Amino acid sequence: MTQQFEWEALEYEYTHKNPDWFWALGIIAIAAAATSIIFSNILFALVILIGAFTLGINSAKRPNIVHFKINGRGIVINKKLYPFTALSSFWVEDDDEHAQPKLLIKSKKILVPHIVIPIKDVSPLEVRDFLIEYLEEEEDSESLAQKIVEFFGF
C-alpha cells in the first residue's frame with residue numbers, strides 16, 4: 001500500500017471585519033463611482049458599485065473546510081484530483097514559525113497556475129519527502145496578489 005497524507009483545513013484564514021470596515025468600503029465605492037460619473041463613465045461607476053457589493057458579501061462569508069489528500073496519483077482537493085502529470089513543481093513553505101505551513105504547487109494549467117494548500121495535522125517535512133518522488137522541488141513564494149489579499153484579510 002502506498003503512503004498517503006490526508007487532512008482538513010480552512011480554505012483561507014478568516015479575519016473578522018467590524019462595521020467600520022464595511023462603512024469604509026461603501027464610502028470609497030460611492031466616492032469612486034461618483035468620480036466616474038463626473039467623468040461621464042457611467043458603466044465604470046456601475047462596475048465599481050457591483051464590485052464593492054460583491055466584495056462586501058464575500059468578506060462577510062466564513063471559510064469552508066476543505067479536505068486535502070496526497071497519494072501516488074496526485075493531489076486531491078475536495079474530491080478533485082490534480083494528477084502529478086498536470087503539475088510542474090512544488091515548494092513547502094514552513095520558514096515562518098508564526099504562520100501555518102503551506103504547500104505551493106505550480107500547475108501546467110493556464111487557468112490555475114498556482115495552488116496554495118495550508119498544511120495542517122501532518123508533517124511538512126514528510127509531505128516534502130513524499131512529493132519529491134513525483135514532482136520537481138522549486139523554491140517559490142505566494143504571488144503578490146495573494147499576499148495583498150491576505151494583508152486585507154481575505
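Before reading on, note that the structure itself is shown above.
Reading guide: rules and limits
- Sequence order sets the numbering: in each chain, residues are counted from 1 along the sequence as written.
- In keeping with the predicted nature of the model, local features appear solely for residues at pLDDT of at least 70, side-chain atom pairs appear and are counted solely at 80 or more, and the whole-chain, interface and lining totals rest on all residues.
- As a convention, hydrogens and water are excluded, and side-chain values are obtained from all of the structure's heavy atoms.
- Axes here refer to lines fitted to C-alpha atoms; in helices the fit is confined to the stretch in contact. Angles between the N-to-C directions go from 0 to 180 degrees.
- A helix here means a DSSP run of H or I that spans at least four residues, while a strand means a run of E at least two residues long, and both kinds are numbered starting from the N terminus.
- Put simply, angles under 35 degrees are roughly parallel, angles over 145 are roughly antiparallel, angles from 65 to 115 are roughly perpendicular, and the rest are oblique.
- It only takes one pair of heavy atoms within 4.5 Å for two residues to be counted as in contact.
- In this description, a nonpolar core means a group of buried Ala, Val, Leu, Ile, Met, Phe, Trp, Tyr and Cys residues linked to one another through side-chain atoms lying within 4.5 Å.
- The rule is simple: take the accessible area with a 1.4 Å probe, protein chains only, and divide by the maximum for that residue type; under 20% is buried, over 50% is exposed, in between is partly exposed.
- In what follows, salt bridge is the name for a side-chain nitrogen of Lys or Arg lying within 4 Å of a carboxyl oxygen of Asp or Glu.
- For two strands to be treated as a pair, DSSP must find no fewer than two bridges joining them.

Asker: What's the story with the packing of helix α1 (residues 19-38) against helix α2 (residues 42-60) in this structure? I'm lost.
Answerer: In a packed pair of helices, the relevant descriptors are the angle between the two axes and the axis-to-axis distance. As a packed pair, α1 and α2 sit with axes 8 Å apart at the nearest point and diverge in direction by 170°. Compared by their axis directions, α1 and α2 come out roughly antiparallel. Across the interface between the two elements, W21, F22, L25, A29, I30, A32, A33, S36 and I37 from α1 touch F44, A45, I48, L49, A52, L55, G56, S59 and A60 from α2.

Asker: I tried to follow the nonpolar core on my own but got confused; where do I start?
Answerer: A general feature of soluble globular proteins is that nonpolar side chains tend to end up buried together. Grouped together as the largest cluster of nonpolar side chains are 23 residues, with contacts concentrated most on W7, I75, L103 and I117. Elements with a contribution of two residues or more to this core: β1 (5-10), β2 (65-70), β3 (74-77), β5 (87-93), β6 (102-107), β7 (114-118) and α3 (124-131). Apart from residues lying up to four places away in sequence, I75 is in contact with K69, I70, K80, L81, Y82, F84, L87, L103, I105 and I117.

Asker: What is the right way to read the pattern of salt bridges from this model?
Answerer: Should their charged atoms come close, side chains of opposite charge can pair. For the structure shown, the criterion picks out 3 salt bridges. A salt bridge links D129 to R128; the shortest N-O distance between them is 3.0 Å. On the basis of relative accessible area, D129 is assigned to the partly exposed category, the value being 36%. Since its relative accessible area comes to 26%, R128 is described here as partly exposed. We note a salt bridge from E137 to R128, for which the minimum N-O separation is 2.9 Å.

Asker: What is the right way to read the sheet that holds β2 from this model?
Answerer: Two pairing modes exist for strands in a sheet, parallel and antiparallel, and in both the strands are linked by backbone hydrogen bonds. Pairing is antiparallel across the open sheet formed by 4 strands, whose spatial order is β1-β2-β3-β4. Of all strands in the sheet, those bounded by a partner on one side alone are β1 and β4 (80-83). Going across the sheet, the axis of each strand differs from the next one's by a mean of 20°, ignoring polarity. As paired strands, β1 and β2 are joined by 6 bridges and run antiparallel to one another. Bridge assignment links F5 to a residue of β2, and that residue is I70.

Asker: Just to check I follow, could you spell out the sheet that holds β6 for this structure?
Answerer: Spatially, β7-β6-β5-β8 is the arrangement adopted by the 4 strands of the open sheet, whose pairing is mixed. Of all the strands in the sheet, the pair left with one neighbour each is β7 and β8 (136-137). Across 2 bridges, β5 lies against β8 in parallel orientation. Note on β8: the bridge partner recorded for S89 is E136. Lying over the sheet, α3 contacts β5, β6 and β8, oriented at roughly 160° with respect to β5.

Asker: I would appreciate a short explanation of the side chain of S89 in the present structure.
Answerer: The topology assignment puts S89 in strand β5. In this structure S89 comes out as buried when scored by relative accessible area, which is 3%. Setting aside residues up to four positions removed in sequence, S89 forms contacts with L104, I105, K106, L135, E136 and E138.

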